[in-house]
Amino acid sequence: MPARAPSALTIHELHPLLISGQLSPAELLEDLLARIAGHNGAYGAYIDVAADQLREQLRRQLASGRRGRLFGIPITVKDNLCVAGEQTTCASKILAGFRAPYDATVIERLRQEGAVIVPRANMDEFAFGSSTENSAYGATRNPWDRQRVPGGSSGGSAAAVAADLAIGALGSDTGGSIRQPASFCNVVGLKPTYGRVSRYGLIAFASSLDQIGPLTKDVRDAAHLLSVIAGHDPMDSTSAPVEVPDYVAQLEAPVNGLRVGLPRLPEEGIEPDVRRCVEAAVQVLQRLGAAVERIELPFIDHSIETYYIVATAEASSNLARYAGVHYGLREPAEDRSSLIEMYLRTRTAGFGAEAKRRILLGTYVLSHGYYDAYYLKAMQVRTLIKRSFEQAFSRCDIVVMPTSPTAAFRLGERLTDPLQMYLSDIYTISANLAGVPAISIPCGFSSSQLPVGLQLLAAPFREELLLRLAYAYEQATEWHRRRPALEQA
Amino acid sequence: MTCEIIIGLEVHVQLRTNTKLFCGCAARFGAPPNSQTCPVCLGLPGALPVLNEQALAWGIRVGLALDCTVAPLMKFDRKHYFYPDLPKNFQISQYDRPLASNGHVDLEGEGATKRIRIRRVHLEEDAGKLLHETGQPVSFVDMNRTGVPLLEIVSEPDLRTSEDAYQYLVELKALLQYLDVSTCNMEEGSLRCDTNISLRPAGQETLGVKVEVKNLNSFRAVKQALEFEAGRQGALLSRGERILQETRLWNAHSLQTDSMRSKEEAADYRYFPEPDLVPFTIEAAAVEQIRRKLPELPAQRRLRYQQTYQLSAYDAQVLVQQRALAELFEGAVRLGAKPKPVANWIMGGFMAYLNAKRLEPESLQVQPEWVVHLIELVDGGTLSGTMAKEVFLAMLERRVDPAELVREGGLRQISDAQTLERIAHEVLEQHPKSAEDYAKGKANALMFLVGQAMKRSSGKANPQQMTEILKRKVGEKRA
Amino acid sequence: MGVVTPEIVKHVAHLARMRVEGEALTQLAAQLDEILDYVRKLQAVATDGIEPTSHVLPLTNVQRPDAPRPSLDPGTVVALAPARSGPFLSVPKVLEA
């Protein structure tokens, strides 16, 4: 047995142990389950964990004889990825009890490689939020400080990985929902290029922005998981028929001479600690041989406005289906009332405050008379933002910026001020609008000992560049090795 | 005040693809409830649409046959409204970039051709089916139809009479049948039609207030509803009352339109580009390839029937109108039958039978050689006219070759002189008065005697021979 | 400010089939007004002649062959629904034809 508990290890540390038989998948699972049993109550990283179901799943995996790249490794997935026969609710009351009759494509791919799927990592309802407070099943707490949020919306996945309640996890990122919680929890979070990973089976928030990606303990694990989930899927029309490189094999390629661009950014609200950490990280990149230069990203300061129009419009449409007819919640349960009354009561009772706010906003911007002023305009500015990135990536290989303007904030601090909450996505949103890949990696701690994340962005389908530079940085630093001291509930 | 009637039609036609528009579920009609659904067409969370290439190709085919411009760039949009038969509560349709636009259908009229312009043709997904049972507080939902490919064909308001509308629908249906893209069965709902109608005083430029009429289950209903609605609106206008812009439903029992319960809100469909489907570019070369493969269309076929088979314009029109009839006609002619008798059989007994039984020609499955055999049997004297009609009916009812029927059933005509003589003798014995009348020069009496002889022989006697025998026998008697 | 009135919020809520009333209505109107006021900053960006982006990827013509795939078992489908009757889903009576 290794010196550290199995649940504290990374995928790449575990894989050889499991393949060689030095550690059994059952031991690993039991260790993880014990740790979850001990700490999930205090942190709420999972909505619930069905231990017996996981044991049964492992039995079936082992019986199948698969010995793939994730042989015997539990992979935690956000509650918006459909897992056949398991509850998938998007942390919403309106989907309470919904059991998808099919596996998402990423789930299928994880299973093919021998993974054990651990469902139901907590999240903001329908991924609407940056704090994982908007969950119908209670907020997730930050493992570094229980009084603070883990970020969101993939806060459950990030907190689980940070607290060793997960080996590795999948989240989804529509405007920063993988990267920002990764940054708040001191883990690695990668949002792939739009179209790189199939969205089939990901419960949609904003279809033109959503991507599934890994949250892991280090960069090598991110490369590992991305290699498994990336690639063309005929079930997703927006899945790109682009070949998937071997991300793991390319990790150690030299970074010497990589051109790194530092954009001028809106600095409103950026914490001095974040600025200090990011500046220090840029110096590390330079020491590693990267050529750093200042660049312009025009129109990026309009990302928030553009995003909140596009994302809410698409969300209002995607969430229209939750209406009490085909699955999920119905209020009242009997057929006594009129149809319209059933719709109104189901949707009023089923959606939380933030979901209602975004549905209203999206319905408003799409409605007759407002479309051109809001939605069409936003789609045009999106073109300009996309072009900004195209120009930037014609001059440099990687763009560097903070992941979030602040470290983890306190629970409840921004709940009453939705606009303030939206503004915290300022640095992550543009990658989704432009469809480019971006990664957040640990790059230091604030004066109050909260993690800070560094964000790297690359041109579409250049994840291997992101991973390579992130890996080089990680090798040169120790931030990612720090683990929080957990409290008992 | 004389008013001009302005009519536009919206036709929805289901494409007869193997699978639905955006998923691999079968698109068959009549399957057990909720047995042809999957995460995609059920709109389950996380499922995504992928376009059926056959539906697109057939959509282009229809667009070309309607002489439309096929869009070089086409996209899908979401149209939002809440309804239990629409699982996503939006329909994937096409808004500002339809598949094809600016076409026309030409209606052959007395002397002149009327051109009805087609505004647009677009692809969209069908909704499920709601079943209502009277007395029950609930409606039932069957999702089998959800996602079946629909082509919506929208005409410009170029129709001026209910007869025009009827003719347009007949012509459009024929076109779709020749293109072989739909079963065009109104009873099964694979062809559906909504109409809008407005009136304006003769000479006025601006259009009047438009009323939409739905729930039209047959072409006849379209015609009746338009006639009713023109009358209703005309009466209102002549009383100086206003026409309300609304949707009305045709009631096939009371033969009138009723106002749909006024909607609580004006429709606001909140269209926006479907983010789960990418745009489609349609290359000119691909369009040309589909154009080259277009089959002969009704107008061309009508012309050919007139030129090649010397059929009248009317005969050509009637035969071509229903593809199955035209195929039967051509099959028989190809096998060597003369065009005119074939046309007569089809347009006569055949269509009368279809109308009486309210059947679609496809359902009869008559083989062209049967028609050929029937005509040969008549020409060769094996069947009398009366017998031929019987055989014809038996052929339709039992789906058997007439030659076979004749072989098996003693349907052969009696031409044997001795038997005929015996029958004639019996008839004259029984009707001496008529024999006398004929002898006195009453021609009608002979007709009666022949009729009686035919009856006695169950229609099998050769009527020419029998007439001669009766004439001779009456003459002999007198002498 | 003050563009989004409670009446507008009520109307939009009805379009989205949600009920917003009382204090929540006033509060939501104020929040939406603030957010929309913020996003209206976009009006300052010159976008004449700029093509809208609804898809970031330059993908076109993604289609599938017209080949059947197995459907779900009808029992599974109906079991997902909150209300059902035999092989059907059931909903409160739909009045309009």
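Treat the numbers as computed from the prediction; the structure is a model and nothing was measured.

A word on the interface of chain C and chain B
Now for step 1: Of the residues lining the interface, 35 residues belong to chain C; the matching set on chain B comes to 55 residues.
Now for step 2: The interface formed by chain C and chain B contains zero salt bridges.
Now for step 3: Connecting chain C to chain B are 23 residue pairs in polar contact (both at pLDDT 80 or more).
Now for step 4: Of all elements in the fold, only α1 (6–15), β1 (63–64), α3 (74–80) and β3 (88–92) of chain C reach the threshold of two or more residues within the side of chain C that touches chain B.

Notes on the packing of helix α13 (residues 432–439) of chain B against helix α14 (residues 443–456) of chain B
Packed helices, taken two at a time, are described by the angle between their axes plus the distance between the axes.
Residues and elements named next belong to chain B.
Now for step 1: Contact pair α13 / α14: the axes reach a minimum separation of 7 Å and the direction vectors enclose 140°. Comparing the axis directions of α13 and α14 gives the class oblique. For the element pair α13 and α14, the recorded crossing hand is left-handed. Touching S434, A435, D437 and Y438 of α13 are A445, L446, F448 and L449, all from α14.
Now for step 2: A breakdown of the residues in the contact of α13 with α14 according to their chemical character gives six nonpolar, one polar and one charged.

A short note on the pattern of salt bridges
Residue and element names in this part refer to chain B.
Now for step 1: Under the defined criterion, the tally for this structure stands at 68 salt bridges over all chains.
Now for step 2: Note that E229 and R248 form a salt bridge whose closest N and O atoms lie 3.5 Å from each other. Separated by 19 residues along the polypeptide, E229 in helix α3 (residues 219–238) and R248 in strand β14 (residues 246–251) bring together distant segments of the chain. Of the two residues examined, E229 and R248, each falls in the buried class.

Some thoughts on empty space enclosed by the protein
All names here are of chain B.
Now for step 1: All told, the structure shown has seven cavities of 30 Å³ or more when counted by the stated rule.
Now for step 2: Taken as a whole, the largest cavity spans an internal volume of roughly 140 Å³.
Now for step 3: Residue lining of the largest cavity: 20 residues in total, with V40, L48, P49, K88 and I92 positioned closest to the centre.
Now for step 4: Partitioning the lining of the largest cavity into residue classes produces eleven nonpolar, three polar and six charged.

What to know about helix α4 (residues 105–112) of chain A
Residues and elements named next belong to chain A.
Now for step 1: Of all the residues in α4, the buried ones are T105, V106, I107, L110 and R111.
Now for step 2: Looking at the buried positions of α4, the neighbouring elements they touch are α3 (51–64), β1 (74–78), β2 (116–121), β3 (168–173), β5 (211–216) and α7 (219–229).
Now for step 3: Count one or two residues on from α4 and you reach G114, which has phi positive near 95°.

Brief notes about the side chain of T477 of chain A
Residues and elements named next belong to chain A.
Now for step 1: Note on placement: T477 falls in the segment after α15 (463–476).
Now for step 2: Overall, the relative accessible area of 9% leaves T477 in the buried class.
Now for step 3: Separated by 2.9 Å, the side chain of T477 and the backbone oxygen of Y473 make a polar contact.

So, helix α2 (residues 22–39) of chain C
Now for step 1: Taking 1.5 Å of rise per residue, the 18 residues of α2 of chain C would be expected to cover 26 Å, and the 26 Å separating its terminal C-alpha atoms lies within 8% of that figure.
Now for step 2: Burial in α2 of chain C covers these residues: L25, L28, A29, Q31, L32, D33, I35, L36, Y38 and V39 of chain C.
Now for step 3: Along its buried surface, α2 of chain C packs onto α9 (303–318), α11 (353–366), α12 (372–395) and α13 (418–423) of chain A together with α1 of chain C.

Regarding unusual backbone geometry
Residue and element names in this part refer to chain A.
Now for step 1: Look at the link from G152 to S153: it is a cis peptide, with omega at 10°.
Now for step 2: Tracing the sequence through the fold places S153 in the loop between β2 and α5 (155–162).
Now for step 3: Omega for the peptide link from E331 to P332 comes to -15°, which places this bond in the cis form.
Now for step 4: For A127, which is not glycine, the phi dihedral falls at a positive 70°.
Now for step 5: Among the structural elements, A127 can be located in the loop between β2 and α5.

A few points about the domain arrangement of chain B
Now for step 1: Along its sequence, chain B is carved into domain 1 (3–289), domain 2 (296–409) and domain 3 (417–478).
Now for step 2: A C-alpha centroid distance of 64 Å is found between domain 1 of chain B and domain 3 of chain B.

Concerning the side chain of D85 of chain B
Residues and elements named next belong to chain B.
Now for step 1: Among the structural elements, D85 can be located in the loop between β5 (77–80) and β6 (90–93).
Now for step 2: Despite its burial, D85 pairs with no opposite charge; the closest candidate is R145, at 5.2 Å N-O.
Now for step 3: Those residues in contact with D85 that sit more than four places away from it in its chain are A127, G128, K129, L130, V141, M143 and T146.

Structural notes on the layout of surface pockets
Leftover empty space is mapped by rolling, across the atoms, a probe with the size of a water molecule.
All names here are of chain B.
Now for step 1: If you add up the space inside the second largest pocket, you get close to 1,500 Å³.
Now for step 2: Among the secondary structure elements, those contributing two or more residues to the lining of the second largest pocket are α2 (162–179), α3, α5 (298–309), α6 (313–321) and α8 (339–357).
Now for step 3: Residue composition of the lining of the second largest pocket, by class: 17 nonpolar, 14 polar and ten charged.
Now for step 4: Here the lining of the second largest pocket spans two domains, and each of domain 1 (3–289) and domain 2 (296–409) adds at least three residues to it.

Conventions and cut-offs
Residues numbered from 1 in each chain as written. Chains lettered and ligands numbered in written order. Predicted model: local features only at pLDDT ≥ 70, side-chain atom pairs only at ≥ 80, totals over all residues. Heavy atoms only, no water. Contact = heavy atoms within 4.5 Å. Salt bridge = Lys/Arg side-chain N within 4 Å of Asp/Glu carboxyl O. Polar contact = N/O pair within 3.5 Å; in protein donor to acceptor, adjacent residues only side chain to side chain. Helix = DSSP H or I, 4+ residues; strand = E, 2+ residues; numbered from the N terminus. Axes fitted to C-alpha atoms, helices over the stretch in contact; angles between N-to-C directions. Parallel < 35°, antiparallel > 145°, perpendicular 65-115°, else oblique. Left-handed = near helix turned anticlockwise from the far one by under 90°. Nonpolar A, V, L, I, M, F, W, Y, C, P; charged D, E, K, R; others polar. Buried < 20%, exposed > 50% of the residue type's maximum accessible area, 1.4 Å probe, protein only. 1 Å grid on protein atoms, 1.4 Å probe; cavity = no way out; pocket = protein on both sides within 12 Å on 5 of 7 lines; lining within 4 Å. Points joined across faces, edges and corners; volume = space filled by probe spheres on them. Expected span 1.5 Å × (residues − 1). Domains from an automatic or database assignment. Lys, Arg positive; Asp, Glu negative; His and termini not counted.

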